[in-house]
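This is what each chain is made of:
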Amino acid sequence: MKTEYENITPDKGSSFKVLRWRSHEDRFFWHQHPEYEIVYIHKGTGKRHIGQHLSHFEEGALMFIGPNIPHLNFGYGADNEHEEIVIQLRDDFLGESFLQSPELHAIKRLFELSKQGLNFHGKTQRNVAAQMLRMPSLNYFERLIQLLLILQELATTKEYNLLKINGISYEHSHREEARIRQIYAFVEKNYRSEIDLQTVADLANLTVPSFCRYFKKITQMTFTDFVNEYRVKQACKMFTQNPSVTDVCYTNGFNNLSHFTKTFKSVTGKTPREYKKELV
C-alpha cells in the first residue's frame, strides 16, 4: 500500500496536539507521521491495522503508537458512531534533552516500547481514558501537566501488551521534513486564493516537474489533489456555521460551483447540499 505523509502541527500556544475526532465516513487513510500518538477510542469498534499488525479493537481501546509507523485511521469502515481522543507529540516536544532527565527514565523506556505498539487495559486504561476525555477542555498549561501525568502512568504500569507491529518505519530527513512542512504551511495560508504551481516549486527550490514528482513521492497524492482535499476539509468545517453552498465554494478557493460540487463529492462521497442537509 502507498503510505501518505500526514502533516501534524501542535495546537497554537502548545508544544503538542490534542484532537477530539468524530468520524463520519472517513476515507481510507494509510499514513505515517514523525509524531508519537496516544489514541483512546471513546465510541465505536473497528479494524486495527498498524504496521503489519491486524486485529479488531473494541470501544475503550487505549493505544500508544511510535513515530513513522504506517497505520490505518481507526474510523475507516465504521458502521456506527466513532469518536476518539488523540494526543500527538514528538519525543523532543519539551526540548532535545527532555527524555535525558533522570526523572523521566521510565517515560523514555515507554517511548521506546511504543515503537512496537502498545495496548493498555485494566485500571490504567480507565484512568488514562478519563484524563484524556478532560484534556480538550483544559487550558494549555493544564494540558501539559495532564500529559506528563498520563505518560508517567503509562510508563509505570504493567497493564499493557505489545501489538508487535513489525512495521516498516519511514524515516524522513530533517531537511525533507522542513521542506514538506513549508509547503503545507503555504497551502494553509493561501488555499482561499488560486495557487500557482511555479510559486510552490520555487518555495521548495525545485523545478515544477521535479516538485510534482517529489510531492507525489512523499505524500502519495498529486499537489492539486492535496490542495483540493484541503479546501474540501475547510469547507466541511465552514458548513457547521450554516452558510450557503455558494459562499462556501468561493470562500474556500474554488472558482465555480460545478468544480466545487464534483471535488467535494469525490472527497466526502456526498454533494455539498447533501452534506449540509445532514448537519441540520
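Predicted model only: the values in this text are computed from it and were never measured.

Cut-offs used in this document
- Residues numbered from 1 in each chain as written.
- Predicted model: local features only at pLDDT ≥ 70, side-chain atom pairs only at ≥ 80, totals over all residues.
- Heavy atoms only, no water.
- Patch = residues over 30% accessible without salt bridge, like charges linked within 9 Å, V, L, I, M, F, W, Y side chains within 5 Å.
- Areas by Shrake-Rupley, 256 points an atom, 1.4 Å probe, with all protein chains shown as cover.
- Salt bridge = Lys/Arg side-chain N within 4 Å of Asp/Glu carboxyl O.
- Helix = DSSP H or I, 4+ residues; strand = E, 2+ residues; numbered from the N terminus.
- Buried < 20%, exposed > 50% of the residue type's maximum accessible area, 1.4 Å probe, protein only.
- UniProt positions renumbered as here; feature names shortened; annotations may be inferred.
- Core = buried A, V, L, I, M, F, W, Y, C linked by side-chain atoms within 4.5 Å.
- Contact = heavy atoms within 4.5 Å.
- Pairing = 2+ DSSP bridges.
- Axes fitted to C-alpha atoms, helices over the stretch in contact; angles between N-to-C directions.

Brief notes about a nonpolar patch on the surface
At step 1: On the surface, F141, I145 and L149 cluster together into a nonpolar patch covering about 320 Å² of accessible area.
At step 2: Looking at where F141 falls in the secondary structure, it is placed in helix α3 (residues 140-156).
At step 3: Under the relative-accessibility criterion, F141 is labelled exposed at 59%.

Things to note about the pattern of salt bridges
At step 1: This model, assessed by the stated rule, comprises 10 salt bridges.
At step 2: Measuring nitrogen to oxygen at the nearest pair gives 3.6 Å for the salt bridge that ties D11 to K17.
At step 3: For K17, a relative accessible area of 21% corresponds to the partly exposed category.
At step 4: A salt bridge links K115 to E112; its shortest N-O distance comes to 3.2 Å.
At step 5: Judged by its relative accessible area of 46%, E112 falls in the partly exposed class.

Some words on the UniProt feature "domain: HTH araC/xylS-type" (unreviewed entry) in the chain
At step 1: Feature annotation in UniProt assigns "domain: HTH araC/xylS-type" (unreviewed entry) to the following positions: residues 181-278.
At step 2: Helix and strand shares over residues 181-278 are 73% and 0% respectively, and the end C-alpha atoms of the span are 34 Å apart.

Examining the nonpolar core
At step 1: Counting residues in each nonpolar core, the largest one holds 29 residues, and the members touching the most others are I38, F64, I87, M132, L147 and L154.
At step 2: Secondary structure elements with two or more residues in this core: β4 (36-43), β7 (62-65), β9 (82-89), α1 (105-113), β10 (118-120), α2 (122-134) and α3.
At step 3: Per element, the largest residue contribution to this core is 5 residues, and it comes from α3.
At step 4: Ignoring anything within four residues of it in the chain, the contact list for M132 reads I38, V39, Y40, L62, I85, I87 and I150.

A few points about the sheet that holds β10
At step 1: Reading across from one edge, β2-β9-β4-β7-β10-β11 is the order of the 6 strands in this open sheet, with antiparallel pairing throughout. Among the strands making up the open sheet, the edge pair consists of β2 (17-23) and β11 (160-162). This sheet shows a mean twist of 20° between the axes of neighbouring strands, independent of strand direction.
At step 2: Looking at chain direction, β10 and β11 are connected through 3 bridges and run antiparallel. In the sheet register, N119 faces β11, and the bridge partner there is N161.
At step 3: Each of β2, β4, β7, β9 and β10 is contacted by α3, which is oriented at about 90° to β4, the strand it contacts most.

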